Amino acid sequence: MTTTSEASRYQQLRDHLTYLRLADAAEALPAVLDEAKAGQHSITATLEQLLRIEVQATETRRLAGRLRFANLPTPATLEDFDYDAQPGIDPDLIRDLASGRYLDTATNILLIGPPGVGKTMLAVGLARKVAEAGHRTYFTNAADLVARCHRAAIEGRWATTMRFYAGPAALVIDELGYLPLPAEAASSLFQVVNQRYLKSSIILTTNRPVTEWGQVLGDNTVAAALLDRLLHRSVVIDITGDSYRLRDHQARTDNLRRATQPSSATIPRSPDGQFR
Ligand code: ADP
Ligand code: MG
């Protein structure tokens, strides 16, 4: 039986939830109260259930916000990474990195290897873990970072831009070495790396061995100083395996060939076993 005072109490409770912007709890309130009555749940259990609904909704919203901010270029996850295709990569190491412990010591992660071996995929997967763990992460590539710093310098927004790149717990800098960089690139990259040094992590991917970075940045001294900071506390993952892209491509062309050509048994061979 619902008395008038109980009805107005209920209304007040809903108003409180709305006033406090606990919209999901407000919406769930009738169902939670019905369930509590039917199941004779304790007051503690009922309040916990109501607030859990709000906490879960808030977590989901915040994660979505962090992922929007993160600017990840693909939906790749570490769970999708095929270790059999890249036997040089230690799954235990990636699992350890996925835990995000490296963030506590501002350790950097360097992924070095030729195109197509999964550097960007691993960087995206690791960044996603960072966001899921509740930290801020931001994905960019070296050319964009340098271009943005250049514009910032021209437009008098240098300090703001440096603060932006200092902010995330993990900053991904993808594709160092792919595109030729302008003259001021070395200095911009150095300043971004230097201000994060020992404070927050960088995940960097490159197709060029560190011995060539002087050439990549067009300045041996700055490259040495940059590497000094980047490598001081770092995990370097050298990927030497085959390109996954080409492997995929190879498999597709093989399939196509098999589908469009007669089987080898029907292809006439010359006496030395060679196809004619
Ligand atoms: P890189 O950045 O080293 O050039 P990518 O990470 O862009 O290479 O990988 C190229 C493509 O191959 C992407 O679509 C990626 O998802 C896929 N790929 C690469 N390595 C693997 C892997 N070990 N398992 C699953 N997919 C992979
Ligand atoms: Mg890449």
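So, how was this worked out
- Residues numbered from 1 in each chain as written.
- Chains lettered and ligands numbered in written order.
- Predicted model: local features only at pLDDT ≥ 70, side-chain atom pairs only at ≥ 80, totals over all residues.
- UniProt positions renumbered as here; feature names shortened; annotations may be inferred.
- Helix = DSSP H or I, 4+ residues; strand = E, 2+ residues; numbered from the N terminus.
- Rg over C-alpha atoms; globule rule 2.2 N^0.38 Å.
- Buried ≥ 20, exposed ≤ 12 C-beta atoms within 10 Å, placed from the backbone.
- Contact = placed C-beta atoms within 7 Å.
- pLDDT = per-residue confidence, 0-100.
- Near = placed C-beta within 6 Å.
- Nonpolar A, V, L, I, M, F, W, Y, C, P; charged D, E, K, R; others polar.
- Pairing = 2+ DSSP bridges.
- Axes fitted to C-alpha atoms, helices over the stretch in contact; angles between N-to-C directions.
- Expected span 1.5 Å × (residues − 1).
- Core = buried A, V, L, I, M, F, W, Y, C linked by C-beta atoms within 7 Å.
- Parallel < 35°, antiparallel > 145°, perpendicular 65-115°, else oblique.
- Left-handed = near helix turned anticlockwise from the far one by under 90°.
- Domains from an automatic or database assignment.

- The chain appears in an unreviewed UniProt entry as ATP-binding protein from Nakamurella aerolata.
- The annotation that UniProt attaches to the chain under Sequence similarities (unreviewed entry) is "Belongs to the IS21/IS1162 putative ATP-binding protein family."

### Considerations on the overall build of the chain
Consideration 1: Across its full length, the chain holds 11 helices and five strands.
Consideration 2: Whereas a compact globule of 276 residues would reach a radius of gyration of roughly 19 Å, the chain reaches 27 Å, over 25% beyond that.
Consideration 3: By its C-alpha atoms, the chain is 100 × 65 × 35 Å across when sized along the principal axes.
Consideration 4: When each of the 276 residues of the chain is scored for burial, the buried share is 26%.
Consideration 5: Pairs at least 24 residues apart make up 82% of the contacts formed inside the chain by residues separated by at least 6 positions.

### Structural notes on the confidence of the model for the chain
Consideration 1: With 92% of its residues at a pLDDT of 70 or more, the chain has an overall mean of 91.
Consideration 2: When the criterion is pLDDT under 50, residues 263–276 qualifies, and its contacts beyond four places in sequence or with other chains add up to seven contacts.

### Quick look at the site of ligand 1
Consideration 1: Looking at ligand 1, there are 17 residues lining it, with Asp82, Gly118, Lys119, Thr120 and Tyr244 nearest.
Consideration 2: Sorting the residues of the shell around ligand 1 by element identifies helix 5 (119–132) and helix 11 (244–260) as the ones contributing at least two each.
Consideration 3: Considering only residue class, the shell around ligand 1 consists of seven nonpolar, six polar and four charged.

### Side note on the sheet that holds strand 3 (residues 170–176)
Consideration 1: Strand order in the open sheet formed by five strands is 2-3-4-1-5, with parallel pairing between adjacent strands. Two strands in the sheet have a free side with no partner beyond their single neighbour: strand 2 (137–141) and strand 5 (234–238). Across the sheet, the mean angle separating the axes of adjacent strands is 10° when strand polarity is ignored.
Consideration 2: Contacts from helix 6 (residues 142–154) reach strand 2 and strand 3, with the element oriented near 95° to strand 2.

### Thoughts on helix 8 (residues 185–196)
Consideration 1: Between its terminal C-alpha atoms helix 8 stretches 17 Å, which fits the 16 Å expected from 12 residues at 1.5 Å a residue.
Consideration 2: If you check which residues of helix 8 are buried, you get Ala185, Ala186, Ser188, Leu189, Phe190, Val192, Val193 and Arg196.
Consideration 3: Those residues of helix 8 that are buried are in contact with helix 6, helix 7 (158–166), strand 3, strand 4 (201–206), helix 9 (213–217) and helix 10 (220–232).
Consideration 4: Looking one or two residues past helix 8, Leu198 carries a phi angle of roughly 70°, positive in sign.

### Description of the nonpolar core
Consideration 1: Ranked by size, the top nonpolar core spans 45 residues in total, and within it Ala127, Val172, Leu189 and Ile203 carry the most contacts.
Consideration 2: Filtering out sequence-adjacent residues up to four positions away, Ala127 remains in contact with Ala70, Leu72, Thr137, Phe139, Ala170, Val172 and Ile203.

### Focus: the packing of helix 6 against helix 8
Consideration 1: Remark: helix 6 packs on helix 8, axes separated minimally by 9 Å, with the N-to-C direction vectors making an angle of 95°. One finds that helix 6 runs roughly perpendicular with respect to helix 8. Residues Ala142, Leu145, Val146, Cys149 and His150 of helix 6 pack against Ala185, Ser188, Leu189 and Val192 of helix 8.
Consideration 2: Its residues assigned to classes, the contact of helix 6 with helix 8 comprises seven nonpolar, two polar and no charged.

### Structural notes on the packing of helix 1 (residues 4–19) against helix 2 (residues 23–39)
Consideration 1: Where helix 1 meets helix 2, the closest approach of the two axes is 7 Å, and the angle between their N-to-C directions is 160°. As summarised for this structure, helix 1 and helix 2 are arranged roughly antiparallel, according to the angle between their axes. Once helix 1 is placed against helix 2, the crossing between them reads as right-handed. Along the contact surface, helix 1 presents Leu13, Arg14, Leu17 and Thr18, while helix 2 presents Ala25, Ala26 and Leu29.

### Description of the domain arrangement of the chain
Consideration 1: When cut into domains, the chain gives domain 1 (4–69) and domain 2 (78–244).
Consideration 2: On a C-alpha basis, the centroid separation for the pair domain 1 and domain 2 is 42 Å.
Consideration 3: Its residues assigned to classes, the side of domain 1 that touches domain 2 shows three nonpolar, no polar and one charged.

### Structural notes on the environment of Val193
Consideration 1: With respect to the helices and strands, Val193 occurs in helix 8.
Consideration 2: Separated by 33 residues in the primary sequence, Val193 and Leu226 have C-alpha atoms spaced 6.8 Å apart.
Consideration 3: Apart from residues lying up to four places away in sequence, Val193 is in contact with Ile202, Leu226, Arg229 and Leu230.

### Digging into the pairing of strand 1 (residues 108–112)
Consideration 1: Of all the five residues making up strand 1, five are buried; the element is thus mostly covered by neighbouring parts of the structure.
Consideration 2: Alternating positions in strand 1 separate into two faces, Asn108, Leu110 and Ile112 on one and Ile109 and Leu111 on the other, with burial throughout.
Consideration 3: Bridging between strand 1 and strand 4 involves four bridges; their strand directions are parallel. Counted as the bridge partner of Leu110 is Leu204 from strand 4.

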